[in-house]
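# Fold and contact review
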There are 2 protein chains.
Amino acid sequence: MHAHLTPNDVTAMFLALSVLLGGAKLVGELAQKIDQPAVLGEILAGILLGPTVLGNLAPRVYATLFPSMGVIPIVIDSVTTIGVVLFLLTAGIEVDLSSLFRQGKCAVLVSSLGVLCPFSLGWAAAWSFPRFFGAEPGADRLNFALFVGTALSISALPVIAKILMDLKLFRSDLGTVVVSSAMFDDLVGWILFSVVLGMMNAGAQPTNIKHTIILTLLFVILMLTAGRWLVDKALPRIQAHASWPGGVLGFIFTLTLAAAAFTEYAGIHAIFGAFIMGIALGESSHLRKQTREHIHQVVTNVFAPLFFASIGLRINFATHFSLGVTATVFAVACLGKVLGAGLGARLGGMDRRTSIAVGMGMNARGAMEIILGLLALQLGLIRERLFVALVVMALLTSLISGPAIHYLLQRRRAVSLKDSLSSKLFLQNLFARNRLEAIRELCELSAEAVGDSSDRLFRIVRERELISGSGLENGVAVPHARVNGLAKPVVAVGKSDDGIDFDARDGKRARIIILVLTGDTQSQIDLLADVGDLFSRQDTIDQALTARSFVEFMAAVNAPVK
Amino acid sequence: MHAHLTPNDVTAMFLALSVLLGGAKLVGELAQKIDQPAVLGEILAGILLGPTVLGNLAPRVYATLFPSMGVIPIVIDSVTTIGVVLFLLTAGIEVDLSSLFRQGKCAVLVSSLGVLCPFSLGWAAAWSFPRFFGAEPGADRLNFALFVGTALSISALPVIAKILMDLKLFRSDLGTVVVSSAMFDDLVGWILFSVVLGMMNAGAQPTNIKHTIILTLLFVILMLTAGRWLVDKALPRIQAHASWPGGVLGFIFTLTLAAAAFTEYAGIHAIFGAFIMGIALGESSHLRKQTREHIHQVVTNVFAPLFFASIGLRINFATHFSLGVTATVFAVACLGKVLGAGLGARLGGMDRRTSIAVGMGMNARGAMEIILGLLALQLGLIRERLFVALVVMALLTSLISGPAIHYLLQRRRAVSLKDSLSSKLFLQNLFARNRLEAIRELCELSAEAVGDSSDRLFRIVRERELISGSGLENGVAVPHARVNGLAKPVVAVGKSDDGIDFDARDGKRARIIILVLTGDTQSQIDLLADVGDLFSRQDTIDQALTARSFVEFMAAVNAPVK
């Protein structure tokens, strides 16, 4: 008879997962509201729910939610491991091999210097001051130094991927260089670590190391050549003969789980296999957009947040914290990585600003260091204070990575309609019967927000309107004008069931009238373009028309961008 | 420090999940090829991979794939439990409460008689012959009889839901009656079982029973009234203010996990909470089709198969098998359920054939009996042979349920284009320059399959073609004719890069020419309707046009039906 979860275990499992997911999504959404990548909010949610904060403030609640004994830790570990593996599958699918090859030279430079610099710095520092860094008294000095060097040089592929996705830079040249370099880094880092592990476990280690290296190289080469070809041949056959999309989804997930098992067996982490498998799948032109979309949405919005939040559950950051060690580890790690990877990018031909951005991107650490650190802790190589320092370093580097890239590559952020709407400036039913009445009604509504008299507003909007009608197609009109001295755009929306003639080219009466008032021409262009873009989609128009409240209108405007 | 999975555990976990999923999908697809619901193939895959077959033929392979010691059983149990909970969420979303209320009287009759009959029969049989049925020597006779009665009366909501979905009957009146009755059944069954459990555990049992009943009723009533209302208010707000569709997906999954935790805590199974939550979510008009689709596809095609396959892993069906007990349990269970539920449906106003179909639908058992049986086994109430008999009964009833409904409700199955295509009757490039040449070319290709001379075929197709051109819109033409004595339709496809004028209404030259030859008018209408339907979608046409082989053409035809 196999072991089973008891009803208590099942209750505890669903409770823990629900709190973890709910917390991660909530803080993740809040992070996005202040222009931070969701992943940072998700990690922060884990720290809040973990031993550091909740475990400290309300230990009983914490112990009930996330018991440290029994099967729940194992269950959470397995669910979040599956989560990160599936996340790497979607990250892999998004990788575009052809642009990766185009970036080849640069990626090789970035990754090799990005590993070499932090590795040497970390190795030298740990070799010189092993006691300070927190080597276990009995640990071998060389091994310890090798471990620290390795731990400082691995980039966090999943964190980087999420940051780049959140910043919409994943498929850019910068994103491709960073991700492909991080991939090489990972590979090198894991091989280095398996060497360290091998040297620690006296015995048959050289075989194991060779084993890992050979299996990994074979896997990568085979998957990106023969595997890719086979997947490309298999996909249309499955789509032709199996149920749709069930057959394809089953095929993709089965292959991913198998690849994860194989790379974990080979001695590197399961996520590496899922990532390579994702690349092989994503390269096939037969993988339909709809299939990608199903996997991407459920995985990045449900499984990935569970994983990122779970990092914070693993450790109490307060009790094992040493400022000196943490600051030193952080400084050495950043210095080595940003200098190394940045130099690589510069040598690879990127401009100075972008090179630093690449360095900052590669600087993000995360899950890998934590897993590595955990193994080293369990094997008696390092002490808790170094482990905590590694985790804090990983989190801080992840934390500054997004904002730094955002700052370095700062481009003018376009003003969007969504951000300019407000429930106060929304009229469900206009009384107006013609366009000038409609404009007057909306100007009266907006006067307070603009800080000007409604008469003056009406005059300037009417003047513009009479030059040429502001009716777009499909029953949308955008009367607009520049109002000198207006710092922030003011947008008022009115709906008319009967429709009002705004002289549209398609002759349709406008049923959604959007008054756009801006202080500068650039914002005006941004907003008009955004309106034109949004309301070119029939489903958005239909939803906006049937909206019975501001909230429903917002939901329509916030609809999927396909 | 929390417990963690070792690298070996991670390898074993992904290996086991990959084999389980791959096996389930493979046998599931094969089952669909012979017109059986996929779920039966998925359960069968589990039995093949489990102790019964693989464990017997290749015990070492089996022990490597699915070790019975260590953490892997716990991990598989938790992943598959999450799988079935998510599956019940999608089943709940699909339930249409308004049609459920319309079926109210019938559903109440079906479910109450459908519980009462098998319960009384099972109770009486077990009370009369406890030793024969496999009561543990020390077990209380009354408790044992109550348990057997309960175990025979619960219908398997997930299995029934999957069978009805597979047969495309889920949203029909029959489906709604069966599913809502199964839901009531579940509720009553779990309450009965908690009573049995309470009577077994001497002590504070009456409180626990009351507890379960009160909490469950409160949960159901609150969720389907206030909960439903709150969800309907919350959804547009989340869609308006959170990221899309991430916010909504996070909200749905968080609520589902929380509801699962609550009902498991209340003393009934976690899947019940997920199901009720699904109903509350599905009732909201603000839940977008795309969101449903993402959840539905990933869950029913990846997580549900994992669960259904895992049932077969739980037990060796060979060693603990007793034909006498199994046959008796099976006979009593079927008799009670089909008679009871069928009678209920008849009294509820359904015709005789449909009533028997309802009885056969309700007769499907599955996970619930197995979980129940397992608990009873662990508590020392029953012996292995009764447990195996219950499992076999559950599987057999599930196995006959689909085909029986299919047989009872047999409607003419429409002939589909997809099933009529063949690689032998496919021409990537027609030589023809005009429509008569094209028809001749396709007739020559088809002559062997039809068993007639190509000249005669050409004559009758030309005759029909010249009455009115067979060009549809968007570059598709369907020359067709009736060929007397043709048992099975013959369909030949030819493509023309330059296009051939088939006198289409939109004036476009046909680039896909589909020759349809049938023995009867009904098949001809079916096939022409299918072609018209398929090729009204621009993406299907585009894919079919760019197809470079028969397999790619099939993939286009087999595209998503939206």
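Below is a summary of the structure that appears in this document. (Residues numbered from 1 in each chain as written. Chains lettered and ligands numbered in written order. Predicted model: local features only at pLDDT ≥ 70, side-chain atom pairs only at ≥ 80, totals over all residues.)

This part takes up the interface of chain B and chain A. With 65 residues of chain B in contact, the opposing surface of chain A contributes 65 residues. Of all elements in the fold, only helix H1 (7-33), helix H5 (72-94), helix H12 (205-241), helix H13 (246-266), helix H15 (289-313) and helix H25 (550-557) of chain B reach the threshold of two or more residues within the side of chain B that touches chain A. In terms of residue count, H1(B) provides more of the side of chain B that touches chain A than any other element does, 13 residues in total. Class assignment of the residues belonging to the side of chain B that touches chain A gives a composition of 38 nonpolar, 20 polar and 7 charged. (Contact = placed C-beta atoms within 7 Å. Helix = DSSP H or I, 4+ residues; strand = E, 2+ residues; numbered from the N terminus. Nonpolar A, V, L, I, M, F, W, Y, C, P; charged D, E, K, R; others polar.)

Superposition record for chain B on chain A: RMSD 0.2 Å, screw rotation 180 degrees, translation along axis 0.0 Å. Such values leave the two copies arranged in the relation of a two-fold axis. If distances are taken from each C-alpha of chain B to the rotation axis, the shortest is found for His294(B), at 2.4 Å. Of the residues that chain B buries at the interface, 100% are likewise interface residues in chain A, meaning the two copies contact each other through the same surface. (Least-squares fit on C-alpha atoms with pLDDT ≥ 70 in both.)

Grouped together as the largest cluster of nonpolar side chains are 317 residues, with contacts concentrated most on Ala16(A), Ile160(A), Ala16(B) and Ile160(B). Setting aside its immediate chain neighbours within four residues, Ile160(B) contacts Ser155(B), Val178(B), Val179(B), Ala182(B), Gly361(B) and Ala364(B). (Core = buried A, V, L, I, M, F, W, Y, C linked by C-beta atoms within 7 Å. Buried ≥ 20, exposed ≤ 12 C-beta atoms within 10 Å, placed from the backbone.)

All names here are of chain A. Burial within helix H10 (residues 157-166) is extensive, with 10 of its 10 residues counted as buried. Of all the residues in H10, the buried ones are Leu157, Pro158, Val159, Ile160, Ala161, Lys162, Ile163, Leu164, Met165 and Asp166. Looking one or two residues past H10, lysine 168 carries a phi angle of roughly 55 degrees, positive in sign.

The next thing to look at is the environment of Leu313(A). Residues and elements named next belong to chain A. Examined against the element boundaries, leucine 313 turns out to sit in helix H15 (residues 289-313). Residues leucine 313 and aspartate 542 lie 229 residues apart in sequence; the distance between their C-alpha atoms is 45 Å. Sequence-distant contacts of leucine 313, defined by excluding residues within four places in its chain, comprise Gly46, Leu49, Gly50 and Phe66.

With that settled, consider the packing of helix H7 (residues 104-128) of chain A against helix H16 (residues 323-347) of chain A. Residues and elements named next belong to chain A. Between H7 and H16, the least distance of the axes is 7 Å, while the angle of their chain directions is 155 degrees. It follows from the interaxial angle that H7 and H16 lie roughly antiparallel. The two elements H7 and H16 meet at a crossing, and its hand is right-handed. In this structure, H7 uses Cys106, Leu109, Val110, Ser112, Leu113, Gly114, Leu116, Cys117, Pro118, Leu121, Gly122 and Ala125 to contact H16, whose residues at the interface are Val332, Ala333, Leu335, Gly336, Lys337, Leu339, Gly340, Ala341, Leu343, Gly344, Ala345 and Leu347. (Axes fitted to C-alpha atoms, helices over the stretch in contact; angles between N-to-C directions. Parallel < 35°, antiparallel > 145°, perpendicular 65-115°, else oblique. Left-handed = near helix turned anticlockwise from the far one by under 90°.)

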